Amino acid sequence: MSIRNIIKNLKTVKKLHLHPPKRYQEILNVVSSKPPMSASSASSSLSDLDLETLHLVLADPRVKSSTCLKFFNFLVKNQSFISFKPDLQAHLTLIGRLVKARNFSQAENLFRSVSIRESSGCPFADIASTVEIFCDETLVKAKLFNVMLKVYSDNGKFDQVLVVFDYMKSNGIEIDDRTCTVHLLALKRADQVDPSIDFLYRMLESNVEVSEYSLSVVVAGLCSNGEIERSRELVEEMVDRGTELSTITFNTMLDACSKRWNFVELDLILGLMEKEGLGYDIHTYRILINGFTSFGKVKEAESLIKEMHDKGLKVETHLYNLLTNGFCRAGCMESACLVFDEMTERNVNQNADTYLVVISGLCKNGEMEKAMEYWNEMQNKGIEVEGVMFNTLIDGFCNKRMINEAYELLLVMEMNGFHLDLSVCNKILMGLCELNQGREAKRLFNIMIKRGAASKLASFTHLVNI
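It should be emphasised that the depicted structure is a prediction, and the values quoted were computed from it without experimental measurement. (Residues numbered from 1 in each chain as written. Predicted model: local features only at pLDDT ≥ 70, side-chain atom pairs only at ≥ 80, totals over all residues. Heavy atoms only, no water.)

### Points about the confidence of the model for the protein chain
Right, so step 1: Residue-level pLDDT values for the protein chain average 85, and 86% of them are 70 or greater.
Right, so step 2: Across residues 10-19 the pLDDT falls below 50, and counting only partners more than four positions away or on other chains, this stretch makes 13 contacts in the model. (pLDDT = per-residue confidence, 0-100. Contact = heavy atoms within 4.5 Å.)

In structure tokens, the structure reads:
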């Protein structure tokens, strides 16, 4: 339909609203009937429905938007009942009604059908010109264009998003910063880092508010690609422009630094936080402690935990486990045990991971007697023992040449439904053979046979004949 015909049509609509024709009243009855009219009755009532009358129905404020939507969907599914196909004006009229009723999800679905799903898709220029003609409510128009922007973004039509954005800017149509954030999220999911930065600047140039959330989306995209320095520079620029930030954005950058052990950038980011007067929250401490302990900066991590206590922040078991594991990997078992004791003093519960960390460290250090003390303490507390704990202790006994202790614990392990690693089984079998304990060796070999591991223990097949 030409623009001239649309204008003529709209003038006709205004006149007909005052004195709706009889056939229009019949259509309204079809739309609002309860229960819904049967297909045969509807077909008869709609036989003389034309496009002009459809426009009247959809634009009539007396007809609820939800009813209009049901009626429209019925027509789309039953094209044989009518002699025409709903045009762009019909689609956009209904979308406008849905937007006005704040039914945005249905509005998006309908716009998607006319702009994305159809084989060719209606050009944006036609859509925009039609909206300008029939929609004279500024707020509704703004919401409608924001719906368009979101639908194009959700469907990966990023170039079309820019067309809509520029049109809105040029025509003084308000751009919703939340819709822009949705687009930034879509760009992030598509790993479109540079376009997301360009869009952020486009928002600034158009006087669209750049919230911390919008900025953090772009920062997260940069950080996930390892561009931490670039993300920090962007944050510094946004701060200079007056964007107020919390620890959320900084934590994103700190986490990227921590995981990559980029402590140079980490220090710069912490310095920027201090400059902005931002302190650490619980997430900041978690990020830093995780990074420091994984890299071996255990003392720094320990200082952070003490700082948390000084601030009255709750130190979780997980953070203590990280610190304990850091000391164990550094071979500082005395410090690791002191941390364990501190947990008891501060009423922080030790869990299975806590005991595994300490026991594993003691086993590697050859302190099997002390490892068994923690093992017994854990069982007395009712903490469930897992297979990895058995494997750790048995391997420790083997390395200390305490074969009988390893063998006895292996039998307990099997009775509890756990299976020993084959490499450790080899150590025990070899040790039993060296000790001339053939009966025990044969029993262990038979256990391995039942597990289907005989082919991997071929060097011990002579045990079958012992």
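Let us keep going from here.
### So, the UniProt feature "repeat: PPR" (unreviewed entry) in the protein chain
Right, so step 1: In the numbering used here, UniProt assigns the feature "repeat: PPR" (unreviewed entry) to residues 141-175, 211-245, 281-315, 316-350, 351-385, 386-420 and 421-455.
Right, so step 2: In residues 141-175, the share of helix is 77% and the share of strand is 0%. The end C-alpha atoms are 11 Å apart.
Right, so step 3: Helix makes up 74% of residues 386-420 and strand 0%. Its end C-alpha atoms lie 11 Å apart. (UniProt positions renumbered as here; feature names shortened; annotations may be inferred. Helix = DSSP H or I, 4+ residues; strand = E, 2+ residues; numbered from the N terminus.)

### Topic: unusual backbone geometry
Right, so step 1: One non-glycine residue with positive phi stands out, namely Asp191, at about 60 degrees.
Right, so step 2: Position of Asp191 relative to the elements: it lies in the loop between helix 11 (177-189) and helix 12 (193-205).
Right, so step 3: Here Asp191 falls in the partly exposed class, since its relative accessible area comes to 48%.
Right, so step 4: Of note in this structure, Asn207 is not a glycine but carries a positive phi near 60 degrees.
Right, so step 5: In this structure, Asn207 sits in the loop between helix 12 and helix 13 (212-224).
Right, so step 6: Taking the relative accessible area as the measure of exposure, Asn207 reaches 73% and is therefore exposed. (Buried < 20%, exposed > 50% of the residue type's maximum accessible area, 1.4 Å probe, protein only.)

### Looking at the packing of aromatic side chains
Right, so step 1: According to the stated counting rule, one finds 13 aromatic pairs in the structure shown.
Right, so step 2: Between the aromatic rings of Phe124 and Phe145, the centroid separation amounts to 6.2 Å while the plane-to-plane angle is 75 degrees, which identifies the pairing as edge-to-face. One end of the pair, Phe124, is in helix 8 (residues 124-134); the other, Phe145, is in helix 9 (residues 138-154), and 21 residues separate them in sequence. Residue Phe124 shares its accessibility class with Phe145, and that shared class is buried.
Right, so step 3: Both rings, one in Trp375 and one in Phe390, keep their centres 5.1 Å apart while their planes meet at 70 degrees; by these two values the pair is edge-to-face. Taken together, the positions of Trp375 in helix 22 (residues 368-380) and Phe390 in helix 23 (residues 387-399) put the pair 15 residues apart, joining distant regions of the chain. Grouping residues by exposure puts Trp375 and Phe390 together as buried.
Right, so step 4: An aromatic cluster of at least three residues, connected via ring pairs, comprises Trp261, Phe263, Phe292 and Phe295.
Right, so step 5: The lysine or arginine in question, Lys297, covers the ring of Phe263, its NZ or CZ lying 5.1 Å from the ring centre. (Phe/Tyr/Trp six-rings, centres within 6.5 Å; stacked < 30°, edge-to-face > 60°. Lys NZ or Arg CZ within 6 Å of the ring centre and 35° of its normal.)

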